[in-house]
Amino acid sequence: MTQKILHTPNRPAAVLAVILFAIATITYWDASHMKVRATYGMSASAASYFVAILFVALAIGHLVTAFKPSDIDVEAADWMAVGWIGLALAGLIGSIWLGGGFILGSTLLFALTARAFGRKALLADLCLGAVIGVLVFLVFNKLLTLALPQGPLERLF
Amino acid sequence: MDTFSFLLDGFALAIQPANLIYAAIGVLIGTAVGVLPGIGPALTVALLLPVTFKLDPGGSIIMFAGIYYGGMYGGSTTAILLNTPGESASVVTALEGNKMARAGRGGPALATAAIGSFVAALIATAGLAVLAPYLVKIAIKFGPWDYFGLMLIAFVTVSATFGSSPLRGLTSLAFGLWLGLMGIDQLTGQARLTFGVPELLDGVEVTTLAVGLFAIGEAFFVASRHLYKPEKPIPVKGSIWMTKEDWKRSWKPWLRGTVIGFPIGALPAGGAEIPTFLSYTIERKLSRKPEEFGRGAIEGVAGPEAANNASAAGTLVPLLTLGLPTSATAAVMLAGFQQYNIQPGPLLFTQHADLVWGLVASLFIANVMLLVLNLPLVGMWVKLLKIPLPWLYAGILVFASMGTIAANPSVTELLLLTGFGVVGFVMRRYDYPIAPAVVGLILGPLADSALRRSLQISLGDPMILLQHPSSAIMIGIAVIALVAPFVFRGLSKFRQDED
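On a predicted model such as this, the values are computed, not experimentally measured, just so you know.

### Observations regarding the overall build of chain B
And then number 1: When helices and strands are counted, chain B shows 21 helices and two strands.
And then number 2: On C-alpha atoms alone, chain B measures out to a radius of gyration of 22 Å, which is about the 23 Å that the 2.2 N^0.38 rule sets for 499 residues.
And then number 3: The principal-axis extent of the C-alpha atoms belonging to chain B is close to 70 × 55 × 55 Å.
And then number 4: By residue count, 62% of the 499 residues in chain B fall in the buried class.

As structure tokens, this is what we get:
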């Protein structure tokens with residue numbers, strides 16, 4: 001079988017059309033498995049079916065535009081920077097997941113995001129992030145009595 | 001005369017020291033965050049929602065309103081000095097304001113923006129106080145079918161009618177509607193789109209979506225291209241005061257901007273972008289010096305800024321009287337009300353009359369505070385623009401994630417936030433508007449239940465929507481508004497930029 005790659009002038013629109021079709025399918029599948037029925041009028045599944053139809057319509061719309069030249073210019077992106085922010089968020093999520101607590105997580109988030117925006121002084125940013133993290137933690141936990149995730153550092157206070 | 005006595009009661013409440021402090025904190029934070037590039041009032045309120053969770057409801061709502069107005073003032077400062085509008089409503093201000101700043105007339109540009117905002121917000125808030133009770137009298141007669149019709153109009157106008165592309169706007173709306181389906185259905189208890197994840201049973205938090213799309217998405221987007229476009233604020237040189245000539249050229253655009261902004265803001269027609277563009281176009285037509293437009297005409301700052309703030313007050317009319325948000329900021333404010341189990345709508349004026357009128361009175365007070373904060377103290381805010389971009393965005397991300405986990409301390413919530421951030425990045429990159437998604441999430445479930453309650457009343461007959469003339473007309477308007485942009489392609493040129 002020969003591989004034939006479909007060439008369209010507007011690739012993102014084509015990709016999005018596929019995603020929209022997928023969401024429509026998931027929504028339809030989910031709605032068809034609903035068991036609770038309303039006595040009168042519409043059941044809870046009706047809105048799901050409506051949204052699924054809307055997604056199909058939008059997917060068709062995107063598919064049509066995929067064969068026209070794109071009407072917007074997409075700028076070149078610095079994927080390294082995007083990756084650093086992804087890493088920063090992963091640092092926060094990882095820290096909270098593994099019980100490292102909020103202060104450690106937000107320190108990582110701060111320093112790695114600053115790195116994404118081109119700062120090279122990672123050590124200084126780590127310190128600044130830690131200071132901000134401690135301050136935020138104190139304000140939230142002591143002043144506003146909102147519970148932030150606790151780790152070994154937080155239990156010291 | 002009822003309005004007047006209610007308003008007096010409101011003032012009695014608003015000048016209580018605690019409420020004055022809330023208003024002051026609100027306008028300070030609102031201005032500060034509004035000045036910071038890339039953060040508009042919607043995001044500011046969304047970021048602060050979780051923080052105020054345990055505070056007094058009346059005070060917090062006064063604070064939100066202060067943030068809303070403050071963000072509007074602050075946004076114009078950024079637009080003028082940095083050419084990076086903090087929110088879409090300031091895009092037009094940047095056109096002439098930034099040119100004025102480059103020509104060394106940054107001071108008068110800031111002054112006409114601040115005074116124009118003050119005049120407009122003052123008149124429009126008075127309009128809100130006068131108009132709201134009448135609208136409540138009408139709204140109290142609304143059946144669920146009428147609400148459904150209204151929400152249809154809001155959906156269509158926010159997403160399709162005035163956007164750069166109806167297809168992209170509707171896609172953004174559909175994303176919001178889809179998220180709105182998630183969780184346990186309120187009428188039947190049926191779980192929708194939860195995929196067996198218990199954290200999703202409560203549905204998607206509006207704040208998580210707004211913060212994810214606006215804050216995280218913006219950070220991704222700015223980082224992805226900041227290397228190519230570094231920007232520096234233009235220093236304010238010379239006097240910040242307006243000359244006699246400036247005054248003469250400004251006062252009419254202020255009033256015209258107010259007259260344009262307030263009604264359009266009050267209609268479910270999608271926020272402040274349209275009136276600002278409209279005001280700009282009109283000022284250019286009416287100006288005696290049209291050749292100055294594009295090179296720093298003061299009318300091009302005065303008019304749109306007034307329209308901007310007048311429409312901000314205008315959006316509060318449907319929000320308070322009908323519970324209908326017509327902009328992203330209003331949608332987030334609605335989430336703020338709901339956080340305290342207060343449902344805006346006609347009943348709000350009877351059940352929480354003190355709260356509503358206290359809020360309206362606080363808007364007047366906040367407006368005066370903002371004039372003081374923004375005219376003599378503008379230099380202080382400009383210093384905020386000197387925060388290095390890496391630290392600024394790092395701080396925004398810390399604050400955004402902190403607010404999210406404080407409201408709901410779970411890893412799932414953070415994963416959702418990150419996911420929405422990625423979606424927000426993609427949407428920005430490919431020019432999809434953000435606001436329809438937020439409006440879709442908050443109005444989707446409301447429209448769903450309004451429709452189903454109508455059908456329960458009619459024993460399942462869908463014709464009930466067309467048998468009532470009021471809802472039939474509204475559904476008709478929604479259909480026309482949906483079809484029009486596809487028929488008249490030229491209409492979409494009406495507004496070039498969103499976000």
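### What about the overall build of chain A?
And then number 1: When you go through chain A residue by residue, the secondary structure sums to five helices and zero strands.
And then number 2: For chain A, the sequential pattern of α-helices and β-strands runs α-α-α-α-α.
And then number 3: Taken over 157 residues, chain A has a buried fraction of 38%.
And then number 4: The long-range share in chain A, meaning contacts at least 24 apart out of those at least 6 apart in sequence, stands at 58%.

### Comments concerning the interface of chain B and chain A
And then number 1: Taken together, the 50 residues of chain B in the interface contact 53 residues of chain A.
And then number 2: Elements with a contribution of two residues or more to the side of chain B that touches chain A: helix H8 (166-181), helix H9 (206-225), helix H17 (389-407), helix H18 (411-429) and helix H19 (435-457) of chain B.
And then number 3: Ranked by residues supplied to the side of chain B that touches chain A, first place goes to H17 of chain B with 12 residues.
And then number 4: Taken together, the residues of the side of chain B that touches chain A break down into 31 nonpolar, 11 polar and eight charged.

### Considerations on unusual backbone geometry
Residue and element names in this part refer to chain B.
And then number 1: A positive phi angle, near 60°, is found at Asn341, a position not held by glycine.
And then number 2: Position of Asn341 among the secondary structure elements: in the loop between helix H13 (328-339) and helix H14 (348-351).
And then number 3: For Asp431, which is not glycine, the phi dihedral falls at a positive 65°.
And then number 4: One can find Asp431 in the loop between H18 and H19.

### Examining helix H10 (residues 244-266) of chain B
And then number 1: With 23 residues, H10 of chain B ought to run about 33 Å at 1.5 Å a step, and its terminal C-alpha atoms sit 33 Å apart, in line with that.
And then number 2: When the local axis directions of H10 of chain B are compared, the greatest deviation, roughly 30°, occurs at Ser250 of chain B, which is followed within four positions by the proline Pro253 of chain B.

### Examining the packing of H9 of chain B against H18 of chain B
Residues and elements named next belong to chain B.
And then number 1: At their nearest, the axes of H9 and H18 sit 7 Å apart, and the two run at 55° to each other. The angle between H9 and H18 falls in the class oblique. For the element pair H9 and H18, the recorded crossing hand is right-handed. Note on element contacts: H18 touches H9 through Glu413, Leu416, Leu417, Thr418, Phe420, Gly421, Val423, Gly424, Phe425, Met427, Arg428 and Arg429, opposite Thr208, Leu209, Val211, Gly212, Leu213, Phe214, Ile216, Gly217, Phe220 and Phe221.

### Here we look at the domain arrangement of chain A
Where the parts come together, the accessible area they lose is often given as the size of the interface.
And then number 1: Each assigned domain of chain A is listed here: domain 1 (11-66) and domain 2 (79-156).
And then number 2: Taking only C-alpha atoms into account, the centre of domain 1 of chain A sits 38 Å from that of domain 2 of chain A.

### What about the nonpolar core?
And then number 1: Ranked by size, the top nonpolar core spans 212 residues in total, and within it Tyr69, Ala210 and Val438 of chain B carry the most contacts.
And then number 2: Of all the elements, helix H6 (residues 106-139) of chain B adds the most residues to this core, at 16 residues.
And then number 3: Counting residues domain by domain, this core receives three or more from each of domain 1 (11-66) and domain 2 (79-156) of chain A.
And then number 4: Residues in contact with Ala210 of chain B, not counting those within four places in the same chain, are Ala42, Leu43, Ala46, Val332 and Val438 of chain B.

### Re the confidence of the model for chain B
Residues and elements named next belong to chain B.
And then number 1: Chain-level statistics for chain B give a pLDDT mean of 82 and a share of 91% at 70 or above.
And then number 2: Within chain B, helix H16 (residues 378-384) has the poorest average pLDDT of any element, 77, and H18 the best, 91.
And then number 3: Taken as a whole, residues 491-499 scores under 50 in pLDDT and shows 24 contacts with residues more than four places along the chain or in a different chain.
And then number 4: Reported confidences for the modelled complex are a pTM of 0.84 and an ipTM of 0.88.

### So, the environment of Val426 of chain B
Residues and elements named next belong to chain B.
And then number 1: Its location among the elements puts Val426 in helix H18.
And then number 2: Take Val426: there are 17 C-beta atoms within 10 Å of it, and that puts it in the partly exposed class.
And then number 3: A C-alpha to C-alpha distance of 32 Å links Val426 and Met63, two positions 363 residues apart in sequence.

### A few points about the confidence of the model for chain A
And then number 1: The predicted model of chain A averages 81 in pLDDT, with 87% of residues at 70 or higher.
And then number 2: Per-element averaging of pLDDT across chain A places helix H5 (residues 122-143) of chain A at the bottom with 83 and helix H3 (residues 79-97) of chain A at the top with 89.

### Points about H8 of chain B
All names here are of chain B.
And then number 1: The terminal C-alpha atoms of H8 lie 22 Å apart, and with 16 residues this matches the ideal 22 Å at 1.5 Å per residue to within 8%.
And then number 2: Taken across its 16 residues, H8 has 16 buried, putting it largely inside the fold.
And then number 3: Phi turns positive, to about 105°, at Gly183, one or two residues after H8.

### Some details on the environment of Asn309 of chain B
Residues and elements named next belong to chain B.
And then number 1: Take Asn309: it is sitting in helix H12 (residues 299-322).
And then number 2: On a C-alpha basis, the gap between Asn309 and Ala124 in space is 8.2 Å, while along the polypeptide they are 185 residues apart.
And then number 3: In this view, Asn309 contacts Met72, Ser117, Ala120, Ala121 and Ala124; residues no more than four positions away in its chain are not counted.

### Notes on the packing of H9 of chain B against H17 of chain B
Residues and elements named next belong to chain B.
And then number 1: Between H9 and H17, whose axes approach to 10 Å, the crossing angle comes to 160°. The angle between H9 and H17 falls in the class roughly antiparallel. The way H9 lies across H17 gives a crossing that is left-handed. In contact with Thr207, Thr208, Val211, Ala215, Ile216, Ala219 and Val222 of H9, H17 contributes Tyr393, Ile396, Leu397, Ala400, Gly403, Thr404 and Ala407.
And then number 2: Along the lines of polarity and charge, the residues of the contact of H9 with H17 split into 10 nonpolar, four polar and no charged.

### Description of the environment of Pro275 of chain B
All names here are of chain B.
And then number 1: Within the element layout of this structure, Pro275 appears in helix H11 (residues 273-286).
And then number 2: Since 29 C-beta atoms lie within 10 Å of it, Pro275 is described here as buried.
And then number 3: With 18 residues separating them in the primary sequence, Pro275 and Gly257 have C-alpha atoms 7.7 Å apart.
And then number 4: Excluding residues that lie within four positions of it along the chain, Pro275 makes contacts with Ile260, Gly261, Ile264, Gly265, Ala307 and Ser311.

Definitions and cut-offs
- Residues numbered from 1 in each chain as written.
- Chains lettered and ligands numbered in written order.
- Predicted model: local features only at pLDDT ≥ 70, side-chain atom pairs only at ≥ 80, totals over all residues.
- Helix = DSSP H or I, 4+ residues; strand = E, 2+ residues; numbered from the N terminus.
- Rg over C-alpha atoms; globule rule 2.2 N^0.38 Å.
- Buried ≥ 20, exposed ≤ 12 C-beta atoms within 10 Å, placed from the backbone.
- Contact = placed C-beta atoms within 7 Å.
- Nonpolar A, V, L, I, M, F, W, Y, C, P; charged D, E, K, R; others polar.
- Expected span 1.5 Å × (residues − 1).
- Bend = angle between axes of the 7 residues up to and from the residue.
- Axes fitted to C-alpha atoms, helices over the stretch in contact; angles between N-to-C directions.
- Parallel < 35°, antiparallel > 145°, perpendicular 65-115°, else oblique.
- Left-handed = near helix turned anticlockwise from the far one by under 90°.
- Domains from an automatic or database assignment.
- Core = buried A, V, L, I, M, F, W, Y, C linked by C-beta atoms within 7 Å.
- pLDDT = per-residue confidence, 0-100.

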